[in-house]
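These are the residues of each chain, in order.
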Amino acid sequence: MDETADPQCQAILRGLQALETVLGKSLANEALDLEHDAAAFQQKVLLGRLRKSLEQYLERSTNLVYVGLIGHFSSGKSSTINSLLSLWGSRNERPTTLNPTDKVITLITHERNANSLLGILSQGSVPIRMQTIDDDFLNELVLADTPGTGDPHLIEEMARDFLPICDLVLFFFSAASPLDSTDIPLLTELYRRLPFIPLKFIVTRADELRIDPRLPLSPDNFDERRATTFVGEIMSRLALLPELSRYSKDDFLLIDNKAQFNVELLRNDLLKRSDPINVAGRIAMHSHKVSFFQTTSERLREFFSALLEGKLTELNRVVATAQKNILDYQEAVNITNNNLTKSWIDHQATIQDLQVKATERIKNSTDLPTGISNLEPVSKLTADIRSDITRQSASVSELIQQFAMQTGFLQLQKELGRVQKALLEKDLDEISAHDHGLGPINIHWTFGDTDVVPEFYLARRADELREKLRSQSLTLARETRKQLEEMLHAIQHRYVIDKCELIISTAQSSLMQDLDVYFQSVRVYHAGVFAMTTQESIAKLGIGRQMDLLLKDFTDEDKESIKLRAKQGLFPSFDDVVATATTKLAAIAEQVRSTLNEVGNPQIEVSSSQLSRIELNASNELADVLDDVKSELQSETNTFVGDLQDKLAGAIATTLIEYDKERSEANRARKIRYTVLISVMGGVSVAAYLLFNWVTRPVGPTLFEVLGWGMLIEIAGNFFGWGVARYKDKYPQKKREIKQRHSAILTDKVKGIINEAVRAHKFMVLQPTVLGKKLDKVYSALTFPASDAWQRSVEELYGKVRGWNARYKELRRDYLSVMEIFGKDSARYFEDHKKNLDSLKSTAQDIKERAIEPSFDLLAQTSDRLKAVKDEITAIRFS
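Since the structure is predicted, the reported quantities are computational estimates derived from the model, not experimental observations.

Peer 1: An account of the overall build of the protein is needed here, citing residue identities and associated values.
Peer 2: Each helix and strand counted, the protein has 22 helices and 7 strands in total. Expressed as a percentage of the 879 residues in the protein, the buried residues total 45%. By sequence separation, contacts in the protein at least 24 residues apart represent 86% of the contacts at least 6 residues apart. Taken as a whole, the protein presents about 44,700 Å² of accessible surface, with 54% of it coming from carbon and sulfur.

As structure tokens, then:
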């Protein structure tokens, strides 16, 4: 068959050759790596076989009709071949059993057709063999007996690799088990892959449809009605599958090989299809072949186009992933930079906090007062003791006062009572203001059994004070030693330095981790670009070696070099900072050790009890105090008596004045009364005389007589008036009453003055504020004696402690200065955030330029090349 005879086949052949050419060029430049892609390799082999089959089909003059026999094992395929070729009992008889009998595809044809068979497309797990039989039935016919199967994999392989060469497929199943569960998948696969190949259903075991089961099968003993129903049921089952619903009853033939029922009909149908004179059949057969070659070629083109489309899609995905990973890398850089900035702020704050803690750990020591007595605990105890002594002095003074008032003051009261009694016995007309009878009083003051000086109490408080002096001196010495030891411990244990080193180390580790994040982002990028599937894809695109070189170009040594440069850029000379601080601290530590050796372990012996000393001095102090008190008491008594004398004299004088005044007024009243009575009585007498004389006129006495008798009558009246006045005179009694009353008044005044003086008078020397001060002075002198040898030893130790404390403060100041400088030097690594970020951004950009951008550029270029290859394959046509 030449090119003009079949231009369609020639077009298909040219398309296959063009596809092979494109694939060949792609293989040459590693665009397709078929050794690592089984499906592509298989399709490449299929392409070659299809081209050879088409070339054979075009070159050979005979056109054989291929009939494929398909069906379950024991479905009657081999029996039908034996019947068609009359092989029963011959040496070529096909074996028939109830079990699978053949595991190969057997092509059965006439001997002269042996060299005209089409090339087999593929040989998978089912081998293909040829069997020649000298039978004219096979002159133009090839029977392909396939192994009976229920294996879906075997069904798929036959439908893909062998059955496409067939011009007709006979699908066998038994009337005893029509279309079982293994037949439906095979039918479905046949239609899916080979819809252009005619399919005829051969139903064997037609004897199952006999009218009379006791008689052999024959046209007369065949139940046509049941057969029609049987075929209808099969068609109904096929109708449930849309792809198989196109078959009609004409596509079904019921045969029986034992009875040779309808075998001849099948034989004639096959002869008709293979008859060279049957032009219509030949055309139909040829169209099936052309359809097969064109469809398979297009599928191959679509496969490789899809393959390249998949590679391109994958590569585009890789490129898109690479783009995303580049953005992710930049985002990771931004995030890690932000995290680093926050951590730098935190580290800076931590170092500053360390400096504060360093100050707190090395406690500051307050300046000690000049004298040990000025120490707060000592001064507080001293104040407490003095306060207690004051209270004790007040208490003792109250007891002394009470006893003195009960003894000495009682004497005073008796003496005053005597004076009062004597004064009351005196006549007011006979006493003067100074006749009070009160003279100097000498009282014998005693204080009974009062413990004026409480030796045991004072000794206890003196011992307590001495113990406080001792404990304070030793405590301060030990505290100073402890502070020096703590400083030495802090220096030796490098608290701040180690913490800062840890912070710097943590920051460096964080930097390394963040750089690892950069590298991880690079690895993520590489994972997308250099993944196994991607590597296969890019290898098939001819850039595998280049990509490998790019991948290997960014080595672990490069990463370590980048880390080292970044570390040195952000944390320069930190080792020098540590070394300088360490040297200075070593010098301070040496001075601390020297001071500690000087401090040593100071001791002060416990002071002996002060009781014996206080008892020895108490008697002399007591005598002086009591003599002083008695002297002041007598002085106060004299003053009291003097004041009382003045008050009594004043009271007597006042009473006498009032007495004389009242007595004078009574006497004057008496005189007036006498005068009035005498005058009145005289006047009355004269008036009576004159009245009588006037009544007895006309002749009366002479004027002289009248005057004479008037004077006599007046004298008589006056005398009579004096007598009346004398009779009525109560002056003597009044005088006695005045005297008695003023005597009583004087008595009350004297009594009141004495009682008021006694009640109001308080001997100042006996008052707690006065006597208490005297006792307080004595107690304080006994409790706080002048410095002795023991106390001088305490004061000497305290002086040394002050010197050690001053030296500690100086060393502490030097230590904190070193720590402050070291802290600032450590913190400065985290101060300039912008500079640090610029350094990291530069490092990140360097990594990006070296590890990411070259491969990304190569991928982008390769994507363009891959599109060109795909477009070239897609442009191939088979018509």
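Peer 1: Kindly report on the pattern of salt bridges, identifying the contributing residues and their values.
Peer 2: All chains considered together, the criterion is met by 18 salt bridges. Between Asp207 and Arg205 there is a salt bridge, with the nearest N and O atoms lying 3.7 Å from each other. Under the relative-accessibility criterion, Asp207 is labelled buried at 18%. Residue classification places Arg205 among the partly exposed positions, given a relative accessible area of 40%. Between Glu208 and Arg205 there is a salt bridge whose closest N-O contact spans 2.8 Å. What makes Glu208 partly exposed here is its relative accessible area of 35%.

Peer 1: Tell me what's going on with the side chain of Ser297, and back it up with residues and numbers.
Peer 2: Mapping Ser297 onto the fold places it in helix H8 (residues 279-361). Once residues within four sequence positions are removed from consideration, Ser297 is found in contact with Ile12, Leu16, Leu50 and Phe878.

Peer 1: With reference to specific residues and values, describe helix H9 (residues 376-424).
Peer 2: Between its first and last C-alpha, H9 extends 67 Å over 49 residues, near the 72 Å set by a 1.5 Å rise per residue. Its axis deflected by about 40° at Met405, H9 carries its strongest bend there.

Peer 1: Just give me the short version of the confidence of the model for the protein, but keep the residues and values in it.
Peer 2: The predicted model of the protein averages 78 in pLDDT, with 82% of residues at 70 or higher. Of all secondary-structure elements in the protein, the lowest mean pLDDT belongs to helix H12 (residues 532-540), at 52, while strand S7 (residues 252-254) reaches the highest, 95. In this model residues 1-5 is a low-confidence stretch, pLDDT under 50, and it forms 9 contacts with partners more than four residues away in sequence or in other chains.

Peer 1: Report on the pairing of strand S4 (residues 141-145), specifying residues and quantitative values.
Peer 2: With respect to burial, S4 is a largely interior element, 5 of its 5 residues being buried. Alternating positions in S4 separate into two faces, Leu141, Leu143 and Asp145 on one and Val142 and Ala144 on the other, with burial throughout. Bridge count between strand S1 (residues 65-71) and S4: 5 bridges; the pairing is parallel. When the bridges of S4 are listed, Gly68 appears paired with Ala144. When strand S2 (residues 105-109) meets S4, the two strands line up antiparallel, connected through 3 bridges. Looking at the pairing, Thr106 lines up with Asp145 of S4.

Peer 1: How would you summarise a nonpolar patch on the surface if you had to cite specific residues and measurements?
Peer 2: Among the surface-exposed residues, Ile672, Val676, Val680 and Val684 lie close enough to one another that they form a single nonpolar patch of about 330 Å² accessible area. Structurally, Val680 is set in helix H16 (residues 611-695). With a relative accessible area of 43%, Val680 lands in the partly exposed category.

Peer 1: Break down the environment of Ala566 for me, citing the residues and quoting the values.
Peer 2: With respect to the secondary-structure elements, Ala566 resides in helix H14 (residues 556-570). Its relative accessible area of 3% is what places Ala566 among the buried residues. Residues Ala566 and Leu515, 51 residues apart in the sequence, show an inter-C-alpha distance of 8.9 Å. Sequence-distant contacts of Ala566, defined by excluding residues within four places in its chain, comprise Leu511, Leu515 and Thr843.

Peer 1: Which residues make up the sheet that holds strand S3 (residues 128-132), and what values do they have?
Peer 2: In space, the 7 strands of this open sheet follow the order S3-S2-S4-S1-S5-S6-S7, with mixed pairing throughout. Because the sheet does not close on itself, it has two edges, and the strands there are S3 and S7. Between one strand and the next, the sheet's axes are offset by a mean angle of 25°, whatever the strand orientation. When S2 meets S3, the two strands line up parallel, connected through 5 bridges. Paired with Leu107 across the bridge in S3 is Met130. Docked against the sheet, helix H3 (residues 77-84) engages S1, S2, S4, strand S5 (168-174) and strand S6 (199-204), running at close to 140° with respect to S1. Running over the sheet, helix H6 (residues 224-239) touches S5, S6 and S7 and is turned about 140° from S7.

Peer 1: I'd like to hear about the nonpolar core, residue by residue, with values.
Peer 2: Counting 197 residues, the largest nonpolar core has Phe171 and Tyr815 as its most contacted members. Element by element, the count of residues in this core is highest for H8, at 17 residues. Residues Phe137, Leu143, Leu168 and Leu253 belong to the second largest nonpolar core, which totals 22 residues.

Peer 1: Residues and numbers for the packing of aromatic side chains, please.
Peer 2: Counted by the stated rule, this structure contains 7 aromatic pairs. Measuring from ring centre to ring centre gives 4.7 Å for Phe222 and Phe261, while their planes differ by 40°; the resulting arrangement is tilted. Here Phe261 lies in the loop between S7 and helix H7 (263-274) and Phe222 lies in the loop between S6 and H6, a separation of 39 residues in the sequence. Between Phe303 and Phe304 the ring centres are 5.2 Å apart and the planes differ by 80°, which places this aromatic pair in the edge-to-face class. Residue classification places Phe304 among the buried residues on the basis of a relative accessible area of 0%. An aromatic cluster is present here, built from Phe171, Phe173, Phe201, Tyr247 and Phe252 joined pairwise through their rings. When the ring centre of Phe784 is taken as reference, the NZ or CZ atom of Arg386 above it lies at 4.2 Å.

Peer 1: Can you break down unusual backbone geometry residue by residue, with the values?
Peer 2: Even without a glycine there, the phi angle at Ser86 is positive, about 55°. If you trace the backbone, Ser86 turns up in the loop between H3 and S2. On the basis of relative accessibility, which here comes to 57%, the residue Ser86 falls in the exposed class. Although it is not a glycine, Gln260 sits at a positive phi angle of roughly 55°.

Peer 1: A description of H14 should follow, citing residues and the corresponding values.
Peer 2: For H14, built from 15 residues, the straight-helix expectation of 21 Å at 1.5 Å per residue is met to within 8% by its first-to-last C-alpha distance of 21 Å. All of the buried residues along H14 are Asp558, Lys559, Ile562, Lys563, Ala566 and Leu570. End-on, the buried residues of H14 take up no more than an arc of 135°, which puts them together on one face.

Peer 1: Go over the side chain of Asp223, please, and point to the residues and values.
Peer 2: Here Asp223 is to be found in the loop between S6 and H6. Salt bridges are absent for the buried Asp223, whose nearest opposite-charge side chain, Arg226, sits at 4.2 Å. In this structure Asp223 touches Leu209 and Ile211, once residues within four positions along its chain are discounted.

Peer 1: Can you explain the environment of Asn92? Please cite residues and give values.
Peer 2: Within the secondary structure layout, Asn92 lies in the loop between H3 and S2. The class for Asn92 is buried, based on a relative accessible area of 19%. C-alpha separation for the pair Asn92 and Thr132, spaced 40 residues apart in sequence, amounts to 9.4 Å. Beyond its immediate stretch of four places on either side in the chain, Asn92 contacts Asn82, Leu87, Gln131 and Ile133.

Peer 1: Lay out the packing of helix H10 (residues 455-493) against helix H15 (residues 574-599) with the relevant residues and their values.
Peer 2: Relative orientation of the contacting elements H10 and H15 amounts to 155°, with a least axis distance of 10 Å. When the interaxial angle is binned, H10 and H15 end up roughly antiparallel. For H10 against H15, the interelement crossing comes out left-handed. Here H10 contributes Ala477, Arg481, Leu484, Glu485, Met487, Leu488, Ile491 and Gln492 to the contact with H15, which in turn contributes Leu585, Ile588, Ala589, Val592, Arg593, Thr595, Leu596 and Val599. Partitioning the contact of H10 with H15 into residue classes produces 11 nonpolar, 2 polar and 3 charged.

Cut-offs and rules
The written sequence of each chain sets the order in which its residues are numbered from 1. Local features are withheld for residues below a pLDDT of 70 in this predicted model, meaning they are given only at 70 or higher, and side-chain atom pairs are given and counted only at 80 or more; totals for whole chains, interfaces and linings count all residues. By convention in this description, side-chain values take in all heavy atoms of the structure and omit both hydrogens and water. Counting from the N terminus, the helices are DSSP H or I runs at least four residues long and the strands are E runs at least two residues long. Buried means the residue's accessible area, taken with a 1.4 Å probe over protein chains only, is under 20% of the maximum for its type, while exposed means over 50%, and partly exposed covers the values in between. The criterion used for residue contact is that any of the two residues' heavy atoms lie within 4.5 Å. For accessible areas, the Shrake-Rupley method is used with a probe of radius 1.4 Å. Any residue's cover is judged against the shown protein chains and nothing else. Salt bridges, as used here, are contacts in which a Lys or Arg side-chain nitrogen is within 4 Å of a carboxyl oxygen on Asp or Glu. Multiply 1.5 Å by the residue count of a helix minus one, and that product is the helix's expected span. Bend, at a single residue, is the angle you get between axes fitted to the 7 residues ending at that residue and the 7 residues starting at it. pLDDT is defined as a per-residue confidence score from the predictor, taking values between 0 and 100. For two strands to be treated as a pair, DSSP must find at least two bridges joining them. Within the patch definition used here, like charges are joined within 9 Å and nonpolar side chains (Val, Leu, Ile, Met, Phe, Trp, Tyr) within 5 Å, considering only residues with over 30% relative accessible area and no salt bridge. Every axis in this analysis is a line fitted to C-alpha atoms, fitted for helices over the stretch in contact. Angles between the N-to-C directions lie between 0 and 180 degrees. For this analysis, a nonpolar core means a set of buried residues of the types Ala, Val, Leu, Ile, Met, Phe, Trp, Tyr and Cys, connected via side-chain atoms within 4.5 Å. To pair, rings of Phe, Tyr and Trp, with the six-membered ring standing in for Trp, must have centres within 6.5 Å; the planes then decide the type, stacked if under 30 degrees apart, edge-to-face if over 60, and tilted in the middle. Comment: the charge-over-ring label is applied if NZ (Lys) or CZ (Arg) is within 6 Å of the ring centre and within 35 degrees of the ring normal. This arc is taken over the directions from the axis of the helix to the C-beta atoms. Here Asp and Glu are counted as negative and Lys and Arg as positive; His is not counted, and neither are the chain ends. Oblique is the label for any angle not covered by the other classes, which are roughly parallel (under 35 degrees), roughly antiparallel (over 145) and roughly perpendicular (65 to 115). Crossings are sorted by hand: turned counterclockwise from the far helix by less than a right angle, the near helix makes the crossing left-handed, and turned clockwise it makes it right-handed. Nonpolar residues are Ala, Val, Leu, Ile, Met, Phe, Trp, Tyr, Cys and Pro. Charged residues are Asp, Glu, Lys and Arg, and all others, Gly as well, are polar.

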